[in-house]
Amino acid sequence: MKLSALLSFAALALLSGCASIYPTPPTAVHQPMTARPEARAQAMPATGAIYQVAHARPLFEDRRARQVGDTITINLVERNTAQKSANANATRTGSMTAGIGPINRLPLSGLNGLELEADAESDFAGKGAAAANNAFNGTITVTVIDVYPNGNLLVSGEKMVAINQGNEFIRFSGVINPNNVTAANTVQSTQVADARIEYRGSGFIDESNTMGWLQRFFVAIMPF
């Protein structure tokens, strides 16, 4: 009885592990990544007039995002370049010479002519360099999840693309000044404050590029 229960537990654990073998990767963008717009006010009873207050919109109002639940398109035009180099050199040299002259009528006369010489030399040279060049282009449509008191919009969104046996995730969030939104309801990613951009993947191709947990353990504890 105990053996069958143990086997059942092992089978359940194996199935749960297989179900989550390719989990959704974690994210650092602002949450939630979408928001529903507020419900419209109930329509007023029909009065026979063409104008209805519940569905009225200003005549010259554009379609740019301004409320929670509105969508806006982000043009990803990120390009970052950084370069750093450092050099260090240090040299130190020292020497010492000592000798004992003639000693007469002293118990230490056996040390006559003893000489002592010491040299020390130290040299250090260090050099380091680092360079990075990143580019990210594309578009993603996000949702307004909050409106700040000054009118700025907090947006967040995700795009998932299933390719063969893996998933690709593009995520974006940040704070937008409504004055930077174009008439086409778009904004450049370089004009977004507190921008968080992610490009992640899941699947066997992504897993093959990840170091195993046991190897990461030994890398973390190795002193050399």
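Residue numbering note: each chain is counted from 1, following its sequence as written. Owing to the predicted nature of the model, reporting of local features is limited to residues with pLDDT of at least 70; listing and counting of side-chain atom pairs is limited to 80 or more, with chain, interface and lining totals taken over all residues. Note: side-chain values were computed over all heavy atoms of the structure, leaving out hydrogens and water.

Here we look at the overall build of the protein chain
Here is step 1: A count of helical and extended segments in the protein chain gives three helices and six strands.
Here is step 2: In the protein chain, the order of α-helices and β-strands from amino to carboxyl end is α-β-β-β-β-β-β-α-α.
Here is step 3: A separation threshold of at least 6 residues defines the contact pool for the protein chain, and within that pool the share at least 24 residues apart is 68%.
Here is step 4: With the model as given, the accessible surface of the protein chain reaches about 17400 Å², and the carbon-plus-sulfur share is 58%. Per the convention used, a helix needs a DSSP run of H or I reaching at least four residues, while a strand needs a run of E reaching at least two, with both numbered from the N terminus. Contact criterion: two residues are considered in contact whenever any of their non-hydrogen atoms come within 4.5 Å of each other. What sets the accessible areas is the Shrake-Rupley method with a 1.4 Å probe; for residues, cover comes only from the shown protein chains.

Quick notes on the pattern of salt bridges
Here is step 1: We count a salt bridge whenever a side-chain nitrogen from Lys or Arg sits within 4 Å of a carboxyl oxygen from Asp or Glu. Per the stated rule, a full pass over the model turns up four salt bridges.
Here is step 2: In this structure, Arg171 and Glu198 form a salt bridge, with 3.5 Å as the shortest nitrogen-oxygen distance. Taken as a pair, Arg171 in strand β4 (residues 166-176) and Glu198 in strand β6 (residues 193-203) lie far apart in primary sequence, 27 residues in all. Of the two residues examined, Arg171 and Glu198, each falls in the buried class.
Here is step 3: One salt bridge connects Arg200 with Glu198, and the closest N-O pair in it is separated by 3.4 Å.
Here is step 4: In this structure Arg200 comes out as partly exposed when scored by relative accessible area, which is 34%.
Here is step 5: Taking the relative accessible area as the measure of exposure, Glu198 reaches 9% and is therefore buried. The classification of residues rests on relative accessible area computed with a 1.4 Å probe and restricted to protein chains. Under 20% of the type maximum is buried, over 50% is exposed, and intermediate values are partly exposed.

Details of the pairing of β4
Here is step 1: In terms of burial, β4 is largely enclosed, as nine of its eleven residues are buried.
Here is step 2: Where strand β3 (residues 153-163) meets β4, eleven bridges bridge the pair, whose relative direction is antiparallel. Bridge assignment links Ser156 to a residue of β4, and that residue is Ser173.
Here is step 3: Between β3 and β4, which pair antiparallel in sequence order, lie two residues; one of them, Asn164, sits at a positive phi of approximately 55°. Paired strands are those between which DSSP finds at least two bridges.

Quick notes on the environment of Thr182
Here is step 1: Looking at the secondary structure, you find Thr182 in the loop between β4 and β5 (186-188).
Here is step 2: Classification of Thr182 by relative accessible area gives partly exposed; the value is 37%.
Here is step 3: Sequence separation of Thr182 and Arg64 is 118 residues, and the distance between their C-alpha atoms is 7.7 Å.
Here is step 4: Side-chain polar atoms of Thr182 contact the side chain of Thr186, separated by 2.7 Å. Throughout this description, a polar contact denotes any pair of N or O atoms lying within 3.5 Å of each other; where both atoms belong to protein, one of them has to be capable of donating a hydrogen while the other can accept it, and for residues adjacent in sequence the pair is counted only when both atoms sit in side chains.

Observations concerning the nonpolar core
Here is step 1: Ranked by size, the top nonpolar core spans 15 residues in total, and within it Ile72, Ile74, Ile140, Val142, Val155, Phe172 and Ile176 carry the most contacts.
Here is step 2: Sorting the residues of this core by element identifies β1 (71-99), β2 (115-147), β3 and β4 as the ones contributing at least two each.
Here is step 3: Apart from residues no more than four positions distant in its own chain, Ile176 is found in contact with Ile72, Ile74, Asn152, Leu153, Val155, Val181, Val187 and Val192. To form a nonpolar core, buried Ala, Val, Leu, Ile, Met, Phe, Trp, Tyr and Cys residues must be joined to one another through side-chain atoms within 4.5 Å.

Examining the environment of Asn180
Here is step 1: Among the secondary structure elements, Asn180 is positioned in the loop between β4 and β5.
Here is step 2: Expressed as a C-alpha distance, the spacing of Asn180 and Gln191, which sit eleven residues apart in the sequence, is 7.2 Å.
Here is step 3: Here Asn180 is in contact with Thr186, Val187 and Gln191, once residues within four sequence places are set aside.

Comments concerning the packing of aromatic side chains
Here is step 1: Whether two aromatic rings pair depends on their centres lying within 6.5 Å, for rings of Phe, Tyr and Trp, where Trp uses its six-membered ring; planes under 30 degrees apart make the pair stacked, over 60 edge-to-face, and the rest tilted. The final tally for this structure, using the stated rule, is one aromatic pair.
Here is step 2: Between Phe136 and Tyr199, the aromatic rings sit 6.1 Å apart at their centres with planes inclined by 90°, giving edge-to-face as the arrangement. Separated by 63 residues along the polypeptide, Phe136 in strand β2 and Tyr199 in strand β6 bring together distant segments of the chain.
Here is step 3: Residue classification places Phe136 among the partly exposed positions, given a relative accessible area of 21%.
Here is step 4: A residue is classified by how much of its surface remains accessible, and Tyr199, at 51% relative accessible area, is exposed.

Details of the confidence of the model for the protein chain
Here is step 1: Per-residue confidence from the predictor is reported as pLDDT, which spans 0 to 100. Summary statistics for the protein chain give a mean pLDDT of 75 and a share of 62% for residues scoring 70 or more.
Here is step 2: Within the protein chain, β5 carries the highest mean pLDDT (93), whereas helix α1 (residues 2-19) carries the lowest (52).
Here is step 3: Note on residues 14-20: pLDDT under 50 across the span, and zero contacts to partners over four residues away in sequence or across chains.

Remarks on the side chain of Asn185
Here is step 1: Take Asn185: it is sitting in the loop between β4 and β5.
Here is step 2: Of note is the side chain of Asn185, whose polar atom sits 2.7 Å from the backbone oxygen of Thr71.
Here is step 3: Filtering out sequence-adjacent residues up to four positions away, Asn185 remains in contact with Arg63, Arg64, Ala65, Thr71, Ile72 and Thr73.

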